[in-house]
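# Reading the structure
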Amino acid sequence: MGIGMGNLKAMFLALIALIALNQGLVNANFYKNTVFNWGSKQSSISGNGEDLQLVLDPVTGSGIASKRQFLFGSIEMLIKLVPGNSAGTVTAYYMSSTGSKHDEIDFEFLGNISGQPYIIHTNVYTSGNGSREQQFYVWFDPTADFHNYTIHWNPSQIVWFIDGLPIRVFTNYESMGILYPNQQGMRVYSSLWNADSWATRGGLVKIDWGSAPFIARLGRFRPRACKWSGPSSITQCASNSIANWWTSPIYSKLSYSQMGQMKWVRDNYMIYDYCTDFKRFNWNMPPECSKQTF
Ligand SMILES: *[C@@H]1O[C@H](CO)[C@@H](O)[C@H](O)[C@H]1NC(C)=O
Ligand SMILES: *[C@@H]1O[C@H](CO)[C@@H](O)[C@H](O)[C@H]1NC(C)=O
Ligand SMILES: *[C@@H]1O[C@H](CO)[C@@H](O)[C@H](O)[C@H]1NC(C)=O
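Residues numbered from 1 in each chain as written. Chains lettered and ligands numbered in written order. Predicted model: local features only at pLDDT ≥ 70, side-chain atom pairs only at ≥ 80, totals over all residues. Heavy atoms only, no water.

### Considerations on the environment of threonine 126
Rules: Elements are defined by DSSP. Helices are runs of H or I of four residues or more, strands are runs of E of two residues or more, and each kind is numbered from the N terminus. Contacts between residues were defined by any pair of non-hydrogen atoms, one from each residue, lying within 4.5 Å.
Along the chain, threonine 126 turns up in the loop between strand E8 (119-125) and strand E9 (134-136). Sequence separation between threonine 126 and aspartate 103 is 23 residues, and the spatial gap between their C-alpha atoms is 4.6 Å. With sequence-adjacent residues up to four places away left out, threonine 126 is seen in contact with His102, Asp103, Arg132, Leu179, Tyr180 and Pro181.

See below:
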């Protein structure tokens, strides 16, 4: 007994449709896939929906949220941060679910006075608990041009990328009782706001409103991710089906050369790591810290 040609063709078409469905929003743009959830008046979308300006003025900041929620995949954004004196401003770009037991994966960009370095702040929350901050300077001027900030998230690990270089990994150690964000769909958010109580030199440097309005530019929003449609997505998005490219073994850990790239970033640009903050944890370090191999 064989499979007829017609059947094969039907299976092939079904597979293509499934891949297209699961890979989701390949032609995503801000118009179609996000809404302003804050300060829409002074902010704007242009360039066929590809470009977004977030604006912070003395009256309000601004922000967007994706219409959809996702569970696993890759979220990609080009960002050109607030130039000049950006002290006290924070541009945030993150994924989050809702509720007191929420999961969250963060990129936050803490501004500075002209010529002084931005801090790139990262964190991950599981079931409402964060406290896993790592911070970096960058090897370029993030206000001079657009750079690619990507969150890659699958059942095995979360990887934060800047221009293709992995800067941080959070590995799934659920088998050791460490929570991992894999049960809740998350929306993608981006916002620009006043955080001068803490952002720049720990809050010492305040916003210079004379430099307002502050403008961050974002582009090429690309969620190539599994669409969340309720709890049934938990197994569907994690399954090893061929349509779920993010579960392919090559994404389950970094390659040898990516490990080298990450080591270079961390050796040269990492300025804070919760895993070496012994005082904060009173020498009782979070269990995942002893697992890090870099
Ligand atoms: C952005 O970086 C991600 C992760 O390395 C990569 O997959 C993607 O192709 C990059 N996008 C652009 C426009 O360079
Ligand atoms: C701002 O510049 C100061 C001085 O160079 C530096 O200590 C600090 O880490 C920089 N970044 C932020 C966000 O405070
Ligand atoms: C929250 O996470 C941190 C970092 O892993 C850990 O040290 C802390 O014990 C956790 N707190 C709770 C209440 O689970």
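### Describing the pairing of strand E11 (residues 157-162)
Threshold: Buried means the residue's accessible area, taken with a 1.4 Å probe over protein chains only, is under 20% of the maximum for its type, while exposed means over 50%, and partly exposed covers the values in between. What makes two strands pair is DSSP finding at least two bridges between them.
Counting buried positions along E11 gives 6 out of 6 residues, so the element sits mostly inside the fold. Here 5 bridges tie strand E10 (residues 147-153) to E11, and the two strands are oriented antiparallel to one another. Bridging from a neighbouring strand, histidine 152 pairs with valine 159 of E11. Linkage of E10 to E11, two consecutive antiparallel strands, is achieved through a turn of 3 residues. Looking at chain direction, E11 and strand E12 (residues 165-171) are connected through 6 bridges and run antiparallel. By the bridge assignment for E12, valine 159 is matched with valine 169. What sits between E11 and E12 in their antiparallel hairpin is a turn of 2 residues, with aspartate 163 showing a positive phi close to 45°.

### With respect to the site of ligand 1
Just so we agree on the cut-off: Residues are classed as near a molecule or strand on a simple rule: at least one heavy atom within 4 Å of it. Identification of polar contacts relies on pairs of N or O atoms within 3.5 Å, with a donor-acceptor requirement for protein atoms, meaning one able to donate a hydrogen and the other able to accept it, and with residues adjacent in sequence counted only if both atoms are side-chain atoms. The Shrake-Rupley method, run with a 1.4 Å probe, gives the accessible areas here. Residue values count only the displayed protein chains as cover. Residue type decides the class: Asp, Glu, Lys and Arg count as charged, Ala, Val, Leu, Ile, Met, Phe, Trp, Tyr, Cys and Pro as nonpolar, and the leftover types, Gly among them, as polar.
Every residue lining ligand 1 is accounted for by Glu76, Asn148, Thr150, Phe161, Gly164 and Arg220. Separating an oxygen atom of ligand 1 from a side-chain N or O atom of threonine 150 is a distance of 3.4 Å. A total of 360 Å² of accessible area belongs to ligand 1 in isolation, and the protein chains cover 58% of it. Considering only residue class, the shell around ligand 1 consists of 1 nonpolar, 3 polar and 2 charged.

### Examining the state of the cysteines
Linking two cysteines covalently through their sulfur atoms gives a disulfide. For the record, the criterion: Cysteine sulfur atoms are paired as a disulfide whenever they come within 2.5 Å of each other.
Evaluation of the coordinates by the stated rule reveals 2 disulfides. One disulfide in the model links cysteine 275 with cysteine 289; its S-S distance is 1.9 Å. Looking down the S-S bond of the cysteine 275 and cysteine 289 bridge, the torsion is -80°, so its handedness is left-handed. On the criterion of sequence distance, the pair formed by cysteine 275 in the segment after strand E15 (270-273) and cysteine 289 in the segment after E15 is long-range, its members being 14 residues apart.

### A closer look at the site of ligand 3
In the region of ligand 3, the neighbouring residues are Asn129, Gly130, Ser131, Arg132, Phe281, Pro286 and Glu288. Note that an oxygen atom of ligand 3 is positioned 3.2 Å from one of the side-chain N or O atoms of arginine 132. In the environment of ligand 3, an oxygen atom lies 2.9 Å from a nitrogen or oxygen atom belonging to the side chain of glutamate 288. When ligand 3 is considered free in solution it has 360 Å² of accessible area, and contact with the protein chains removes 51% of it. Considered class by class, the residues forming the shell around ligand 3 number 2 nonpolar, 3 polar and 2 charged.

### Structural notes on the confidence of the model for the chain
The following threshold applies: Within a predicted model, pLDDT stands for the predictor's per-residue confidence, ranging from 0 to 100.
In this model, the chain carries a mean pLDDT of 92, and residues with pLDDT of at least 70 account for 90%. Note that pLDDT drops below 50 for residues 16-26; the model gives that stretch 22 contacts with residues more than four away or on any other chain.

### Topic: the packing of aromatic side chains
Keep this limit in mind: Stacked, tilted and edge-to-face are the three classes assigned to paired rings of Phe, Tyr and Trp, where Trp is represented by its six-membered ring and a pair needs centres within 6.5 Å; plane angles under 30 degrees give stacked, over 60 edge-to-face, the rest tilted. Throughout this description, the term charge over a ring refers to an Arg CZ or Lys NZ atom that lies within 6 Å of the ring centre and within 35 degrees of the ring normal.
Applying the stated criterion across every chain yields a total of 18 aromatic pairs. Look at tryptophan 193 and tryptophan 198: their rings are 6.2 Å apart centre to centre, the planes differ by 50°, and that puts the pair in the tilted class. A relative accessible area of 34% places tryptophan 198 in the partly exposed class. A network of ring pairs unites the aromatic residues Tyr93, Phe107, Phe109 and Tyr149 as a single cluster. It is arginine 168 that lies over the ring of tryptophan 160; its NZ or CZ is 4.7 Å from the centre.

### Observations regarding the pattern of salt bridges
What counts, and what does not: Salt bridges are defined as contacts in which a side-chain nitrogen from Lys or Arg sits within 4 Å of a carboxyl oxygen from Asp or Glu.
This model, assessed by the stated rule, comprises 6 salt bridges. In this structure, glutamate 50 and arginine 222 form a salt bridge, with 3.5 Å as the shortest nitrogen-oxygen distance. With glutamate 50 in the loop between strand E2 (44-46) and strand E3 (51-56) and arginine 222 in strand E14 (residues 214-227), the pair connects residues that are 172 residues apart, well separated along the chain. Given a relative accessible area of 25%, glutamate 50 falls into the partly exposed group.

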